[in-house]
Amino acid sequence: MQKTVLVIGASRGLGLGLAKQFSNEGWQVIATVRNSQQADALSQIPRVRVETLDMTDAASVEALARRLAGTQLDALFVNAGVAGPQNKPATQASEAEVGQLFFTNAVAPLRLAEHLLSLVDDKQGVVVFMSSILGSVETGPGMGMSLYGASKAALNHMTRTFVAELGETGLTVLSMHPGWVKTDMGGEQAPLDVETSARGMVEQVTKALGSGGHRYLDYQGDPLPW
Ligand code: NDP
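Computed from a predicted model, the values in this text were never measured in an experiment. (Residues numbered from 1 in each chain as written. Predicted model: local features only at pLDDT ≥ 70, side-chain atom pairs only at ≥ 80, totals over all residues.)

Inspection of the region around the ligand gives 28 residues, with Gly9, Gly13, Gly81, Thr183 and Gly186 positioned closest. In terms of residue count, the dominant contributor to the shell around the ligand is helix H1 (residues 13-24) (three residues). A per-class count over the shell around the ligand returns eleven nonpolar, 13 polar and four charged. (Near = placed C-beta within 6 Å. Helix = DSSP H or I, 4+ residues; strand = E, 2+ residues; numbered from the N terminus. Nonpolar A, V, L, I, M, F, W, Y, C, P; charged D, E, K, R; others polar.)

Our next topic: the sheet that holds strand E4 (residues 75-78). In spatial order, the strands read E3-E2-E1-E4-E5-E6-E7; together these seven strands make up an open sheet with parallel pairing. Every other strand in the sheet has two partners, leaving strand E3 (48-52) and strand E7 (213-218) as the edge strands with one partner each. On average, adjacent strands in this sheet sit at an angle of 15 degrees to one another, irrespective of strand direction. Where helix H5 (residues 146-166) meets the sheet, it contacts strand E5 (126-130), strand E6 (172-177) and E7, and its direction lies at approximately 170 degrees from that of E6. (Pairing = 2+ DSSP bridges. Axes fitted to C-alpha atoms, helices over the stretch in contact; angles between N-to-C directions. Contact = placed C-beta atoms within 7 Å.)

Two numbers describe a pair of packed helices, the interaxial angle and the distance between the axes. Where helix H4 (residues 95-116) meets H5, the closest approach of the two axes is 9 Å, and the angle between their N-to-C directions is 25 degrees. Accordingly, the angle class assigned to the pair H4 and H5 is roughly parallel. For H4 against H5, the interelement crossing comes out right-handed. Residues Val98, Leu101, Phe102, Asn105, Ala106, Val107, Pro109, Leu110 and Ala113 of H4 lie in contact with H5, whose contacting residues are Leu147, Tyr148, Ser151, Lys152, Ala154, Leu155, Met158 and Phe162. A per-class count over the contact of H4 with H5 returns 14 nonpolar, two polar and one charged. (Parallel < 35°, antiparallel > 145°, perpendicular 65-115°, else oblique. Left-handed = near helix turned anticlockwise from the far one by under 90°.)

The next subject is unusual backbone geometry. Despite not being glycine, arginine 47 has its phi angle at roughly 65 degrees, a positive value. By the element assignment, arginine 47 lies in the loop between helix H2 (40-43) and E3. By C-beta crowding, arginine 47 is classed as partly exposed, having 15 other C-beta atoms within 10 Å. (Buried ≥ 20, exposed ≤ 12 C-beta atoms within 10 Å, placed from the backbone.)

All right, on to the confidence of the model for the chain then. In this model, the chain carries an average pLDDT of 97, and 100% of its residues clear a pLDDT of 70 or more. On the interface metric, ipTM, the complex scores 0.99, and its pTM is 0.98. (pLDDT = per-residue confidence, 0-100.)

Moving residue by residue along a regular strand, the side chains alternate between the two faces of the sheet. For E6, a buried count of six out of six residues is recorded, marking the element as mostly surrounded by other parts of the structure. Along E6, one buried face is formed by Thr172, Leu174 and Met176 and the opposite face, lined by Val173, Ser175 and His177, is buried too. With five bridges connecting them, E5 and E6 associate as parallel partners. Bridge pairing in E6 links phenylalanine 129 to serine 175. Taken together, E5, H5 and E6 form a β-α-β motif whose crossover is right-handed. Summarising the sheet, E6 and E7 pair through six bridges and their orientation is parallel. Residue pairing for E7: histidine 177 is matched across the bridge by aspartate 218. One crossover worth recording links E6 to the parallel E7 by way of helix H6 (residues 194-208), and it is left-handed. (Right-handed = clockwise from strand over helix to strand, strands pointing away.)

Have a look at this one:
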């Protein structure tokens, strides 16, 4: 039977690549953009329906949940994220910059997942949170982008709490590292292209359907240290 995925943050970069790859694999795709004028690339892809969402805006999240009521999702892929201030040492970022970074990367993904969880098949569905190797407390420090890494470590922490509170369920949760990928965020010097990363991540989601549990892994399926 055809599977359905909701990809959050699909206007460009990895989210757009994920929407393309899920579609290539025959999935029905619901893909979100913040602004409907960013939907051009998505609207060229077969089996893609575009929805608008700002993940940090509670009213926008509630409106999306209302529009999707009754939809059955096999996978929810919370991809959206921000890099935060890059042009200054972590300790010199303003309170507003730190607040926006941590709210967007660590809190908003979980609030969104809580709102949409009832749509995801609780026997064999998958919820993915886009993390990063930089969020590993064991290996991230010293790799640069420390505020961003800390926000992804916070996301991992929040996700483990989310999983602990799920109780008995067939749902699988993945904290995913996409590799270092050429996007606006990853930069031109990144070794991986979007297609390779997205292909790997879609393979991991497909393998995870029905497997249960929570894993922190990269796009090739290799486990990462928390
Ligand atoms: P980009 O900056 O290229 O794209 C980010 C996407 O997130 C855009 O679609 C953007 O939408 C969306 N977004 C940002 N904030 C919000 C919000 N408040 N509500 C809804 N959508 C939002 O980044 P990448 O594609 O590189 O990264 C995607 C994810 O992968 C992020 O979570 C990132 O942290 C993670 N990641 C990326 C790595 C890399 O090497 N590229 C490595 C490790 C992790 P808009 O166009 O409107 O801004």
